[in-house]
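# An overview of the molecular structure
Next come the chains, spelled out residue by residue.
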Amino acid sequence: MNSKKRRKITSEILVNGGLLVLCLLWTLPTLGLLVSSLRPPRAVNTTGWWTALRPTEEAGNPRFTIDNYRQVLLGRDMTFVTAEGETVLASGDDLSTALLNSIAVTLPSTIIPILIAACAAYAFAWMKFKGRGFFFVVVVALLVVPLQIALIPILRDYTRLNLTGTFLAVWLAHTGFGLPLATYLLYNYISTLPREILESAFLDGASHFTMFTRLILPLSVPALASFAIFQFLWVWNDLLVALVFIGSRPEVMVLTQRLQEMVGSRGQDWHLLTAGAFVTMLLPMIVFFSLQRYFVRGLLAGSVKG
Amino acid sequence: MLASKKLWSVLSLIIVLSLVLVACGQPAPEVDDPEEAPDEGVVTIFGAFVDEDARRFQASMEPFTERTGIEVQYEGSGDFETLILVRVEGGNPPDIAAFPQPGLLAGFVEQDQVIDLNDWMERDYLEEQYEDHWLEMATMDGIMAGVWYRANIKSLVWYPVPEFSDAGYEIPETWDELLALSDQMVADGNTPWCIGIESAGATGWVATDWMEDIMLRTQPVEKYDQWVTGQLPFDSPEVKNAAEIMGEIWFNPDYVYGGTASILTMPFGDAPDPMFDSPPGCYMHRQASFIPAFFPDGVVVGEDVDFFYLPPIDPAYTMPVLGAGDLFAAFNDRPEVRQAVEFLTTGESTRAWLQAGGFVSPHNDAELDWYPTETDRKYAEILGEASVFRFDASDLMPGAVGAGSFWTGMVDLVSARGENLDEVMRTIDASWPE
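Residues numbered from 1 in each chain as written. Chains lettered and ligands numbered in written order. Predicted model: local features only at pLDDT ≥ 70, side-chain atom pairs only at ≥ 80, totals over all residues. Heavy atoms only, no water.

### Quick word on the overall build of chain B
- Helices and strands together make up the secondary structure of chain B, namely 18 helices and eleven strands.
- Out of the 434 residues belonging to chain B, those deemed buried represent 57%.
- In chain B, of all internal contacts separated by at least 6 residues, the share reaching a separation of at least 24 is 75%.
- Entry remark: accessible area of chain B is about 17,300 Å², with carbon and sulfur atoms responsible for 51%. (Helix = DSSP H or I, 4+ residues; strand = E, 2+ residues; numbered from the N terminus. Buried < 20%, exposed > 50% of the residue type's maximum accessible area, 1.4 Å probe, protein only. Contact = heavy atoms within 4.5 Å. Areas by Shrake-Rupley, 256 points an atom, 1.4 Å probe, with all protein chains shown as cover.)

Structure below.
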């Protein structure tokens, strides 16, 4: 009895200790980033972030500053000369436009593929039609096509359709690039729903549309939510697709582009990236935490048939 | 049932919200389609400079807009090199693109994508606006591929002014004087040079700049041009000689702050920092005119630190200058684009940027007293006095060499202290694309 108890305690210590070490390993770089983002640029460039935690610092040099955040949020200090020859000290563009643009790009690019993929997944799982297996294989095969090879052909078509530089262009691009994974993921979940429910609904005279909206969608909320997180993070962090299809004029620029621009033409202001990274992290964190209770359930989507 | 209602209300709320956001946000921007009737009076320019530089460029174009009513839409991206390829391939080129690397533009010239500016402007006019070497460098495959707009100079040696003169050192006029000065510094117990070439994926470019500067100072400019096009191999006595001259400084452990070993690991932006220690960790740092952006806060160029022209080696080649610049090429032929390009050939188009500092104009009609500081004027004077100006060779060579084996070869050379010179040069030659 006693030895059993002791063994249990040792194993608990081992497990918890291991977890603690892993957590530390994962969070340490983020902590370093946070500390760096609060330090003045000269200090970031000369000493490691951990030195700031030690209370020994020469006088006159502030150890911490929120100046990085000020420059990121309210615009960088810059001097230029106007046509009249006056030197002007101005702040650059603040983040608000880029933030709005990012939201305007991300939300539709998340919702459109989910809606289409849910319909497709339902059809693949529960409707009988010719070529079902073939089309499903095609969708799965598309999973492995890298999006980079599609950039130029799509850009050509967009230019012909006069879509280049519009938000619609990015929504459609992200929808297309996200659909195979979305369809596959949702199919795996939807096909595991108990057949009995659907059959009884069918016997009661429900049409496919009724079954889809009344039964399938509410039952697949965990899968929908977990895919929404994936897609949201992917689009939010995307730089390439936005650069190619909407371009980088200030009025259409998304957050990732703003961040990249902030480091300056020669990368001399990279210390601003530390603060920028934390600011851009905020919204995805909110999305993640508000959807995370679905996340764990959703990750198991389709993994166990039962 | 309840769950489904809730889901739908949430979904519809999100959709409505996103629609509202989009509606409040920017109106979906339109881009000119070259095949349709063009938007009258808008010229789009795409380039690599961003942020502060972009604002300065826009300010410089204001006089043009005021005079002609033509709006200039500038768009900059750090990924210019990739994006311009994608855009041109995708049939969506900007009206004008600002190339920081002529080698990239040469690729478009080969595909006949670029407009020959000789058709737009008289040769006499261009010769009035630019020195011959600028026009030579803009001529590719027999066409005038672009106009120069911004120059920067690489043949500079930076030094901490007060400590330098306190120690009684004098600015060297010849390479021998430069080496004698270095020896004198060592004899005084000081370290002459700060050298650092670490630059992430581009590590090695600082060394290629040194090589190019020495090539221009030891060989006639025709040899330099042959080297750029691959006719003069790296494994030739001329190029190897340049590497050996560089090695006399780089591989002398007494000459380099931290010793030769630290060259590879020192980020190029941090390399000049020891100059500002007290006493200075080193007294000389060869780097281009952009380096003050990396100096510590509070360092005043012209007071705390200044530069001199990297002295000539062979007096036969008087005063060659190595540098880089932005070349503006036109992709669409419309009257307003022609006007914009013509404006870019005048010094006036650079004035606002020039007055903000850190900018050197290649235009003949940019006046010296526009420059805001003595330092900026000195750049312009060096550029004006240059017996010949040549573009950074590694930017002109094929990418596999100029942004590949030349860089890595220099890294190999430095890590072996120059012992493997023959082998490195042969490896670079072998990597030259057929």
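### Some words on unusual backbone geometry
Residue and element names in this part refer to chain B.
- Each neighbour pair has its own omega, and for S278 with P279 the value is -5°, a cis peptide bond.
- Within the secondary structure layout, P279 lies in the loop between α12 (261–265) and β8 (285–286).
- The phi torsion at D141 lies on the positive side, around 50°, for a residue other than glycine.
- Its location among the elements puts D141 in the loop between β4 (139–140) and β5 (143–144).
- Here the phi dihedral of R417 falls at roughly 55°; this positive angle occurs in a residue that is not glycine.
- The topology assignment puts R417 in the loop between α17 (399–415) and α18 (421–430).

### Section: the sheet that holds strand β9 (residues 305–309) of chain B
Residues and elements named next belong to chain B.
- Taken in spatial order, the three strands of this open sheet run β8-β7-β9, and their pairing is antiparallel. Sheet topology places β8 and β9 at the edges, where each strand pairs with a single neighbour.
- As judged from the two bridges shared by strand β7 (residues 156–160) and β8, these two strands associate in the antiparallel manner. Residue pairing in the sheet places V157 in a bridge with R286 of β8. (Pairing = 2+ DSSP bridges.)

### Section: a nonpolar patch on the surface
Residues and elements named next belong to chain A.
- On the surface, F129, F134, F135, V138, L142, L143, V144, V145, I149, L181 and Y184 cluster together to form a nonpolar patch covering roughly 990 Å² of accessible area.
- Counting residues per element, the ones that place at least two in the nonpolar patch are α5 (132–142) and α7 (167–190).
- It is α5 that contributes the most residues to the nonpolar patch, four residues altogether.
- Position of F134 among the secondary structure elements: in helix α5. (Patch = residues over 30% accessible without salt bridge, like charges linked within 9 Å, V, L, I, M, F, W, Y side chains within 5 Å. Salt bridge = Lys/Arg side-chain N within 4 Å of Asp/Glu carboxyl O.)

### Structural notes on the packing of α5(A) against α7(A)
Residues and elements named next belong to chain A.
- One way to put it is that α5 packs onto α7 with a least axis distance of 8 Å and a crossing angle of 125°. By the angle class used here, α5 and α7 are oblique. Here α5 runs over α7; the crossing is left-handed. Contacts between α5 and α7 involve F136, V139, V140 and L142 from the first element and P180, T183, Y184 and Y187 from the second.
- For the contact of α5 with α7, the per-class residue count stands at seven nonpolar, one polar and no charged. (Axes fitted to C-alpha atoms, helices over the stretch in contact; angles between N-to-C directions. Parallel < 35°, antiparallel > 145°, perpendicular 65-115°, else oblique. Left-handed = near helix turned anticlockwise from the far one by under 90°. Nonpolar A, V, L, I, M, F, W, Y, C, P; charged D, E, K, R; others polar.)

### Here's the deal with the environment of R417(B)
All names here are of chain B.
- For R417, a relative accessible area of 40% translates into the label partly exposed.
- When the C-alpha atoms of R417 and F251 are compared, they prove to be 5.7 Å apart, with 166 residues separating the residues in sequence.
- What R417 contacts, discounting residues up to four positions off in sequence, is F251, T260 and A261.

### Re the side chain of D213(B)
Residue and element names in this part refer to chain B.
- Following the sequence through the fold, D213 ends up in helix α9 (residues 205–218).
- Residue classification places D213 among the buried positions, given a relative accessible area of 0%.
- With residues near it in sequence (within four places) discarded, D213 still touches K154, S155, R286, L310 and L322.

### Here we look at a negative patch on the surface
All names here are of chain B.
- On the surface, E122, D124, E128, D365, E367 and D369 cluster together into a patch of negative charge.
- With respect to the element layout, D124 can be found in helix α5 (residues 123–129).
- On the basis of relative accessibility, which here comes to 57%, the residue D124 falls in the exposed class. (Lys, Arg positive; Asp, Glu negative; His and termini not counted. Charge placed at Lys NZ, Arg CZ, Asp CG, Glu CD.)

### Looking at the pairing of strand β3 (residues 96–99) of chain B
Residues and elements named next belong to chain B.
- With burial as the criterion, each face of β3 is covered, one bearing I96 and A98 and the other bearing A97 and F99.
- One ladder, built from two bridges, connects strand β1 (residues 42–47) with β3; its direction is parallel. Following the sheet pairing, I45 is matched in β3 by I96.
- The pairing of β3 with strand β10 (residues 320–330) spans four bridges and is antiparallel. The residue bridging A97 from the neighbouring strand is A329, located in β10.

### Observations concerning the packing of aromatic side chains
All names here are of chain B.
- Within the structure shown, the criterion is met by 49 aromatic pairs over all chains.
- A ring pair is formed by F80 and F99, whose centres lie 5.5 Å apart and whose planes are at 80°; its orientation type is edge-to-face. Of this pair, F80 sits in helix α3 (residues 80–89) while F99 sits in strand β3, and the two are 19 residues apart along the sequence. Of the two residues examined, F80 and F99, each falls in the buried class.
- The interplanar angle of 65° and the centroid separation of 5.4 Å between the aromatic rings of W193 and W210 together place this pair among those described as edge-to-face. Taken as a pair, W193 in the loop between α8 (175–187) and α9 and W210 in helix α9 lie far apart in primary sequence, 17 residues in all.
- When its relative accessible area of 0% is taken as the criterion, W193 is described as buried.
- On the accessibility criterion, W210 (2% relative accessible area) is buried. (Phe/Tyr/Trp six-rings, centres within 6.5 Å; stacked < 30°, edge-to-face > 60°.)

### Observations regarding α18(B)
All names here are of chain B.
- By the burial criterion, the buried members of α18 are L421, V424, M425 and I428. Buried positions in α18, seen along its axis, are confined to an arc of 95° and lie on one side of it. The exposed residues of α18 that point more than 90 degrees off its buried face are E423 and A430.
- Of the surrounding elements, those touching the buried residues of α18 are α9, α11 (237–250) and α17. (Arc of directions from axis to C-beta.)

### A word on the confidence of the model for chain B
Residues and elements named next belong to chain B.
- Per-residue pLDDT for chain B has a mean of 87; in total, 91% of the residues score no lower than 70.
- Taken element by element, the predicted model of chain B shows its lowest mean pLDDT in helix α1 (residues 2–24) (54) and its highest in β8 (96).
- Considering only residues more than four positions removed or in separate chains, one finds that residues 21–39, a stretch of pLDDT under 50, has 33 contacts. (pLDDT = per-residue confidence, 0-100.)

### A short note on the side chain of Q287(B)
- Structurally, Q287(B) can be placed in the loop between β8 and β9.
- When residues no more than four places from it in sequence are discounted, the contact partners of Q287(B) are K154(B), L156(B), W158(B), W205(B), V206(B) and F268(B).

### Some thoughts on the nonpolar core
- If you look at the biggest cluster of nonpolar residues, it comprises 160 residues, and the most contacted ones within it are F57(B), W227(B), F234(B), W250(B) and F328(B).
- It is α9(B) that provides the largest number of residues to this core, a total of eight residues.
- Residue contacts for F328(B): discarding those within four places in its chain leaves I45(B), F49(B), F57(B), I96(B), A97(B), A98(B), L117(B), A145(B), G146(B), V147(B), Y149(B) and L344(B).
- With 24 residues, the next largest nonpolar core counts Y122(A), Y189(A), A206(A) and M211(A) among its residues. (Core = buried A, V, L, I, M, F, W, Y, C linked by side-chain atoms within 4.5 Å.)

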